[in-house]
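Residue-level listing of the chains:
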Amino acid sequence: MIAEFGLAALWLAAALAALQLIAGAVTLRSGQGGSGEVLGTLVRPAAIVQGVLAAAAFVALLVLFLRTDLSVKLVADNSHVAKPWIFKLAGAWGNHEGSMLLWVTVMSFAGGLIALLERRLPERTMIATLAAQAFVGLGFYAFLLFSSNPFERLDPPAPEGLGLNPLLQDIGLAFHPPTLYFGYVGLSVAFSFAVGALLTRQVTPDFARAMRPWVLGAWIFLTLGITAGSYWAYYELGWGGWWFWDPVENASLMPWLAATALLHSASVLAARDALRAWTIMLGVVAFSMSMIGTFLVRSGILTSVHAFAVDPERGTFILALLAIYIGGALTVFALRAGTVAEGQRFSATSREGALVVNNVALSAILAIVLLGTLYPLLTEAFGVQVSVGPPYFNPVAAIFFLPMLLVMAVGPLLRWRRDSLGRVRSEVILAGLVIIAVLAGIAFFSSIALLPLLGIALAAGVALASFMPLRGRSLRRLPLATWGMVIAHLGVAVALFGAACDSAFTQERLLAARPGDTTDVGPWTVTLAAVEPVAGPNWTALEGRLSVRYKGGPVTLMAPQSRNFWTPPQQTNEAALLTRWNGQLYAVIGGEGEGERWQLRLWWKPFVTFIWYGGALIGLGGLLALVGRVATDLKRRHVRAQVAIRREERVA
Amino acid sequence: MKPIRWTLWVPLALFATFCILVTVQLSRPASTVVESAMIGKPLPQFDLPPASADRPALKTADFHDGQPKLLNIFASWCVPCAAEAPQLAELERRGANIVAVAVRDRPEDVAAFLARYGNPYSRIGADNFSEVQLGIGSSGVPETFVVDGNGVIRYQYIGDIRADGVELLLEKLREAQR
């Protein structure tokens, strides 16, 4: 019964989305005061009920998984009675159908929230926005109902669930994809707002304020998702690297870059009513990047170390949706953007000017990453197979990234509209001195490559500069959003510091060791005490027992493993990590060499953890900004309501 | 600074290019075979000991006699290698000069294998440590390479030779002759 209930809820939600779209479109066509006004009043309730129904469908799926109802195909394929309940629950979205349902649920829930709460924009713009949201939603409903029905029954029911793969029972793996999905969905809301504003030519500061919390929310999720994904690749793949410019990684990075740019340009639009067309464009681009990312990952059109969840047929479906949404939005943009009134002007040396530089640099990096990711596809069309890797991405992205950091340090100090560098001279000189001092200091004491050297120096300068907006202001009365900016910018500096230190100071030791052998890597002394066989649920492993000492201190044990899985037969290296505040020792054990020698690979990575601390700080900054913005919005709405009540009283 | 009208169409044009590109790529059958990077390159230098008592050994210089050859990578312990024996015999009957590398094998096993399934080879080298196999970019047994008269690898046939593979390999040999 539950499955049928879920399916019915899904169909009804889809029908309501269709109603929402049609009513919205008719209202927009009929113009002001036309017969469509009545239909227009249907749009908000339809969006709210649609959100509730989609949520009900998703809850039904969760219940099916919790009960392990084996008469449902999806459950039988992906779950098992003997699973811990948390993984039963996570199993609901840990597959194609369930994850699509989660996507649709979050999206229509967001639509319902907007319909319920957002009252700042002109009603026609809201109707257009919700219609666009319904249009995007309908594509996904069609996808679910016609080609990936999560509630499909199995007759007769399966005697046993198939999904007891302990490899996939990983708490990180369970929550990583939904994190990215929330990010993508948030960007779809921003997309709908942009289309709505464009259709009704209402590209106003109010539009930017309405859209901003959704972009911020999406951006927080994307930031955390990318940070976690990077750490996962770091410890799981056992190569000691933390970013590989792999297509799947790029697929998550590109929406983040676009969302970061959008966040900043939306701030300009909200505060100063400038960059109108550009903000709209970014709203469209940010969502296209999440769709393109999903497409590239799911279609298997690019080969990747993350080659899972690949299905060409689904890829085609996503491509079709992509073409309709983005092609449509870009056509509307081309037709309408020219008629959107020009925004306010500003001089080059101003907060807006700095944010424009930020936007240009982020867009350039986005273009570089996109080009690098798609380049193999392009050459393959001409019969040449190439792969594009770090030698392209790192230097080319750095060309735009490093100047952007300089502007990021100065920009927040500038005033809106017009300012002069002279006014912030002392701050600029101070930050500049720090950068030069660090540059000279490191260059004097060690010989490291240019890019990491610049990275460390800039990180120091940016870290200092990120606190400068606090100067001369009452810390207690500072808006939360400003705190958010300070912490996020500090996070960029921290992450940059970690990345630069990792590439500059990492020490590697590769050796064939006999039990009893001792070696040094950086400040560590590592002894291979023994190699023992150990067994897990579906693997056997050789485990190296390492006793390690930091600068002659107390002994700590580490146990890297070389695992052999038997279904499917696969060998993996489980790295062992030892974290100190100033870095990580990373140990990997490989196969047996000749004469009872073991391949041992050791890295001492100073400050590498700062990469992820930085990512977490960026996310925290976003969260503070979001809370601050929403609180301000609520306060404003309350004040406005009070004023309205008083006015009514006065009239009476 | 009003944007010029036509620039507003640029994003759409770029996006359309992207869509066309991936549509073309998606509609094309994905290449599932990994081609050896060695095609068009000369054979690596090797000088193998003989693998069987009644056939001479194999070294790189043997390929420089101006005559294209088939180089068959096989092993007595490999079941598909036995399955392709009739096709190899057919190739030899129709004039192909076939030389072989026996991978990680014992002389007595090779002898037993050849006695049972026939011996189409003019030379057999014993590749006891898979060095030649790895050096020419072969990922498994059996595999068959077309090598021209100058010792340059021209074609790689992965897996056991099926009935339709005979014509294909003869054709590739003729191409290598030119």
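The structure displayed is predicted, hence computed values, not measured ones.

Asks: What's the story with the overall build of chain B in this structure? I'm lost.
Replies: The helix and strand inventory of chain B stands at six helices and five strands. Tracing chain B from N to C terminus, the helices and strands come up as α-β-α-α-β-α-β-α-β-β-α. Its C-alpha radius of gyration of 23 Å places chain B more than 25% over the 16 Å reference for a compact globule of 178 residues. C-alpha atoms of chain B, sized along the principal axes, occupy 85 × 30 × 30 Å. Taken over 178 residues, chain B has a buried fraction of 35%. A sequence separation of at least 24 residues applies to 76% of the contacts in chain B between residues at least 6 apart.

Asks: Even after reading the chapter, I still don't get the overall build of chain A, so can you show me in this structure?
Replies: Within chain A, the secondary structure is distributed over 17 helices and 10 strands. For 652 residues, the compact-globule estimate of 2.2 N^0.38 gives 26 Å, and the C-alpha radius of gyration of chain A, at 27 Å, lies within 12% of that figure. Projected onto its principal axes, the C-alpha positions of chain A cover 90 × 80 × 60 Å. Each of the 652 residues in chain A was classed as buried or not, and the buried ones make up 47%. Pairs at least 24 apart in sequence give 73% of the contacts found in chain A among residues at least 6 apart.

Asks: What should I look at first to understand the packing of helix H7 (residues 171–199) of chain A against helix H10 (residues 276–299) of chain A in this one?
Replies: When two helices pack together, their arrangement is given by the angle between the helix axes and the distance between those axes. All names here are of chain A. Interaxial distance between H7 and H10 falls to 8 Å at its minimum, and their mutual angle equals 145°. Of the two possible hands of crossing, H7 and H10 adopt the one that is left-handed. On the side of H7, the interface is formed by Tyr184, Leu187, Ser188, Ala190, Phe191, Phe193, Ala194, Ala197 and Leu198, while H10 contributes Ile280, Gly283, Val284, Ala286, Phe287 and Ser290. Along the lines of polarity and charge, the residues of the contact of H7 with H10 split into 12 nonpolar, three polar and no charged.

Asks: Help me understand the confidence of the model for chain A, please; the structure alone is not making it clear to me.
Replies: For any part of a model where pLDDT is low, the fine detail of the predicted coordinates should not be relied upon. With 94% of its residues at a pLDDT of at least 70, chain A reaches an overall mean of 87. Within the model, pLDDT remains below 50 along residues 304–309 of chain A, and this stretch shows 10 contacts once partners closer than five positions in the same chain are excluded.

Asks: What's the story with the pairing of strand E2 (residues 98–103) of chain B in this structure? I'm lost.
Replies: Put simply, side chains in a regular strand alternate between the two faces of the sheet. Residues and elements named next belong to chain B. Judged by how many residues are buried, E2 sits mostly within the fold: six of six residues are covered. The alternating pattern of E2 places Ile98, Ala100 and Ala102 and Val99, Val101 and Val103 on opposite faces, both of which are buried. Pairing geometry for strand E1 (residues 69–74) and E2, over five bridges, is parallel. Counterpart to Ile73 in the pairing with E2 is Val101. By the bridge criterion, five bridges tie E2 to strand E3 (residues 123–127) in an arrangement that is parallel.

Asks: For this particular structure, what's the right way to read the interface of chain A and chain B?
Replies: Bring the parts together and some accessible area is lost; that lost area is often taken as the interface size. With 22 residues of chain A in contact, the opposing surface of chain B contributes 14 residues. At the level of secondary structure, the elements contributing two or more residues to the side of chain A that touches chain B comprise H10, helix H11 (312–336) and helix H12 (351–381) of chain A. Here the element with the most residues in the side of chain A that touches chain B is H11 of chain A; it accounts for 11 residues. Among the residues forming the side of chain A that touches chain B, the class breakdown is 14 nonpolar, six polar and two charged.

Asks: How do you make sense of helix H16 (residues 480–505) of chain A when you look at a structure like this?
Replies: Owing to its 3.6 residues per turn, the α-helix brings residues three or four apart onto one side. Taking 1.5 Å as the rise per residue, H16 of chain A with 26 residues should run 38 Å; its terminal C-alpha atoms sit 37 Å apart, in good agreement. H16 of chain A sits mainly inside the fold: 19 of its 26 residues count as buried.

Asks: What am I meant to see in the sheet that holds E3 of chain B here?
Replies: The pairing of strands in a sheet happens through backbone hydrogen bonds and is either parallel or antiparallel. Residues and elements named next belong to chain B. Taken in spatial order, the five strands line up as E3-E2-E1-E4-E5 in an open sheet, and their pairing is mixed. Pairing within the sheet leaves two strands with one partner each, and these edge strands are E3 and strand E5 (153–158). Neighbouring strand axes in the sheet, compared pairwise and without regard to direction, differ in orientation by 20° on average.

Asks: When you look at the environment of Ala208 of chain A in this model, what are you seeing that I'm missing?
Replies: All names here are of chain A. On the secondary structure map, Ala208 appears in helix H8 (residues 205–236). Under the C-beta neighbour-count criterion, Ala208 is labelled buried, with 26 such atoms within 10 Å. Separated by 11 residues in sequence, Ala208 and Ala197 place their C-alpha atoms 9.6 Å apart. Ignoring any residue separated from it by four or fewer positions in sequence, one finds Ala208 in contact with Ala266, Leu269, Ala270 and Thr279.

Asks: Just to check I follow, could you spell out the nonpolar core for this structure?
Replies: A general trend in soluble globular proteins is that nonpolar side chains are found buried together. The biggest cluster of nonpolar side chains holds 186 residues, and the ones touching the most others in it are Ala190, Val215, Ala258, Ala259 and Val284 of chain A. It is H8 of chain A that contributes the most residues to this core, 16 residues altogether. Two domains each provide a minimum of three residues to this core, namely domain 1 (1–165) and domain 2 (422–506 + 612–652) of chain A. Apart from residues lying up to four places away in sequence, Val215 of chain A is in contact with Gly186, Ala190, Ala259, Leu262, Leu263 and Ala266 of chain A. Membership of the second largest hydrophobic core comes to 38 residues, among which are Ala85, Ala102, Ile153 and Ile161 of chain B.

Asks: Explain unusual backbone geometry here, please?
Replies: Trans peptide bonds make up the majority, and among non-glycine residues the majority have a negative phi. The omega torsion across Asp155 of chain A and Pro156 of chain A is 0°, close enough to zero to call that bond cis. Take Pro156 of chain A: it is sitting in the loop between helix H6 (123–147) and H7. In this model, Arg417 of chain A sits at a positive phi of 70°, which is unusual for a non-glycine residue. Within the secondary structure, Arg417 of chain A sits in the loop between helix H13 (390–410) and helix H14 (425–445). The class of Arg417 of chain A is partly exposed, set by 16 C-beta atoms lying within 10 Å. With a phi angle near 45°, Arg104 of chain B is a residue other than glycine that sits in the positive phi range. Relative to the elements of secondary structure, Arg104 of chain B occurs in the loop between E2 and helix H4 (107–117).

Asks: Could you clarify how one ought to interpret the pairing of strand E5 (residues 555–558) of chain A in this entry?
Replies: Residue and element names in this part refer to chain A. Across four bridges, strand E4 (residues 539–550) lies against E5 in antiparallel orientation. Note on E5: the bridge partner recorded for Val548 is Thr556. Hairpin connection of E4 to E5: four residues between the antiparallel strands, including Lys551 at a positive phi of 50°.

Asks: Got a minute to help me understand the environment of Leu162 of chain A in this structure?
Replies: All names here are of chain A. Tracing the chain through its elements places Leu162 in the loop between H6 and H7. Along the backbone, Leu162 and Tyr184 are 22 residues apart, and their C-alpha atoms lie at a distance of 30 Å. Apart from residues lying up to four places away in sequence, Leu162 is in contact with Ala76 and Asp77.

Asks: Any chance you could explain the domain arrangement of chain A here in plain terms?
Replies: The domains assigned to chain A are domain 1 (1–165), domain 2 (422–506 + 612–652) and domain 3 (507–606). The gap between the C-alpha centroids of domain 1 of chain A and domain 2 of chain A is 38 Å.

What counts and how
- Residues numbered from 1 in each chain as written.
- Chains lettered and ligands numbered in written order.
- Predicted model: local features only at pLDDT ≥ 70, side-chain atom pairs only at ≥ 80, totals over all residues.
- Helix = DSSP H or I, 4+ residues; strand = E, 2+ residues; numbered from the N terminus.
- Rg over C-alpha atoms; globule rule 2.2 N^0.38 Å.
- Buried ≥ 20, exposed ≤ 12 C-beta atoms within 10 Å, placed from the backbone.
- Contact = placed C-beta atoms within 7 Å.
- Axes fitted to C-alpha atoms, helices over the stretch in contact; angles between N-to-C directions.
- Left-handed = near helix turned anticlockwise from the far one by under 90°.
- Nonpolar A, V, L, I, M, F, W, Y, C, P; charged D, E, K, R; others polar.
- pLDDT = per-residue confidence, 0-100.
- Pairing = 2+ DSSP bridges.
- Expected span 1.5 Å × (residues − 1).
- Core = buried A, V, L, I, M, F, W, Y, C linked by C-beta atoms within 7 Å.
- Domains from an automatic or database assignment.

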